[in-house]
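# Observations on chain architecture
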Amino acid sequence: MRMGRALLVAPLLALALFIIVIPLTPTEYLIAVTPVYAGTPGFKVKEAYTDKAAYYIGESVTLYVVLAWENLGQNYTLDIDLYETVNDTKVQDLGTLTVPGTTYEATDETELTFDSLTGLTAEPGSTEYEIRVVDTGSGLLVASAKLTITVAEESITLSVAWEDANDDRVIEPNEQVTFTVFITWAFVNASRSYNLFVDDAGEHLIDAVSITAGGGTAQRTWVTAWPSAGARTLRFMLKDARGDVVAERSLSLTVGQAAQPAQPSKASILDLIKANIYLIIIVLACVGAAVVVAKYR
Ligand SMILES: [Ca+2]
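Counting of residues starts from 1 at the beginning of each chain's written sequence and follows it residue by residue. The model is predicted, so local features are restricted to residues of pLDDT at least 70 and side-chain atom pairs to those at 80 or more, both for listing and for counting; the totals for chains, interfaces and linings are taken over all residues.

### A closer look at the overall build of the protein
- Helix numbers and strand numbers start at the N terminus; a helix is a DSSP run of H or I with at least 4 residues, a strand a run of E with at least 2. Regarding its fold elements, the protein presents 4 helices and 14 strands.
- Classification of the 297 residues of the protein by burial places 12% in the buried group.
- A residue pair is marked as a contact if its C-beta atoms, positioned from the backbone, fall within 7 Å. Considering only intrachain contacts with a sequence separation of at least 6, the fraction spanning at least 24 residues in the protein is 65%. Residues with at least 20 other C-beta atoms within 10 Å of their own are called buried, those with 12 or fewer are called exposed, and the rest are partly exposed. The C-beta atoms themselves are positioned from the backbone.

Structure follows, in structure tokens:
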């Protein structure tokens, strides 16, 4: 009988609990037992980003952090740091921020700017960082957000366009040709002076070129004419003060009507064999056939 009563009572208790507790979702339950105005205090890094998509080596970085908070019941002093995530090391102390927890500003957000940050762009590549916000009162991490800083390698390129005097795209002997050299650079970390040369069967200085920090473009012109028809190969070079080539562009042209390059005057027998290999194979095959025919006739 006692067993039977227990079997009867247990489902009734379960049903009672179900009726009382289950219809209350956690939120409703919280509201039912706590004052409506006091939610859980919280912080959040809504955004963390840099002022540029990529930096040159050694460039200083500006960082923007949007920090939001809600339901604060007291003032908080936050310590904000920047960590490098791979080695989990603190690379920048971004200072502290006191957030007022009065009712008026209990829920709010602010954008923080950290400019002229150095030491973050020493090497080319992308590095992941994390903004970490710590409540100095409790020592707890209350918000964080990741961001990536990209450092680009220096790039300097040359491109060349030319125009013949009568603009028919055929360079005649003794016709003046104007070459325009476009110099384009990006992620250069300091201003520099270079010299632009052209090698046309001998090097000629065209002009000096000043490259400014960051990115930019410049153009220089070089005017020439060739007295005779034939193939020309030009090599435009940007050189530093030591004479090292930092950028170059080669260009092949044919002066005059003779569009085919002349046969090299000092070609070796091997070069001639390579150039005429199919003709040689046919000749050898014919000779072999002639020998066979002569022998068995
Ligand atoms: Ca022409």
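### Side note on the confidence of the model for the protein
- Think of pLDDT as the predictor's per-residue confidence, scored from 0 to 100. Summing up the model confidence of the protein, the mean pLDDT is 82 and the portion of residues at 70 or higher is 73%.
- Of all secondary-structure elements in the protein, the lowest mean pLDDT belongs to helix α2 (residues 26–33), at 35, while strand β10 (residues 192–199) reaches the highest, 98.
- Low confidence marks residues 258–273, where pLDDT is under 50. Its contacts with residues over four positions away, or in another chain, come to 8 contacts.
- Predicted confidence is poor over residues 286–297, with pLDDT under 50, and the contacts of this stretch with residues over four places away or in other chains come to 0 contacts.

### Considerations on the sheet that holds strand β6 (residues 125–135)
- The strand order across the open sheet formed by 4 strands is β4-β3-β6-β7, and the pairing between neighbours is antiparallel. This sheet does not close on itself; its edge strands, each paired only once, are β4 (89–99) and β7 (140–151). Between one strand axis and the next, the sheet turns through 20 degrees on average, direction left out of account.
- Relative to β4, strand β3 (residues 76–84) is paired through 8 bridges, and the arrangement is antiparallel. Residue Thr77 lies in a different strand from β4, and its bridge partner there is Thr98. By definition, two strands form a pair when at least two bridges between them are found by DSSP. The convention used is that axes are lines fitted to C-alpha atoms, helices contributing only their stretch in contact, and that angles between N-to-C directions extend from 0 to 180 degrees.

### Thoughts on the sheet that holds β10
- What the 4 strands build is an open sheet, ordered β11-β10-β13-β14; its pairing is antiparallel. Either end of the sheet is taken by a strand with one partner, and the two such strands are β11 (203–211) and β14 (245–255). For this sheet, the mean inter-axis angle between neighbouring strands, taken without regard to orientation, is 15 degrees.
- Relative to strand β13 (residues 230–239), β10 runs antiparallel, the two being bridged by 5 bridges. Counterpart to Phe197 in the pairing with β13 is Met237.

### Points about the pairing of β6
- Strand direction decides the pairing type here: β3 and β6, joined by 7 bridges, are antiparallel. When the bridges of β6 are listed, Leu78 appears paired with Asp135.
- With 11 bridges joining them, β6 and β7 adopt antiparallel strand pairing. Within β7, the residue paired with Ser126 across the bridge is Thr150.
- In sequence, β6 turns back onto β7 through a hairpin of 4 residues, with Gly139 there showing a positive phi of about 75 degrees.

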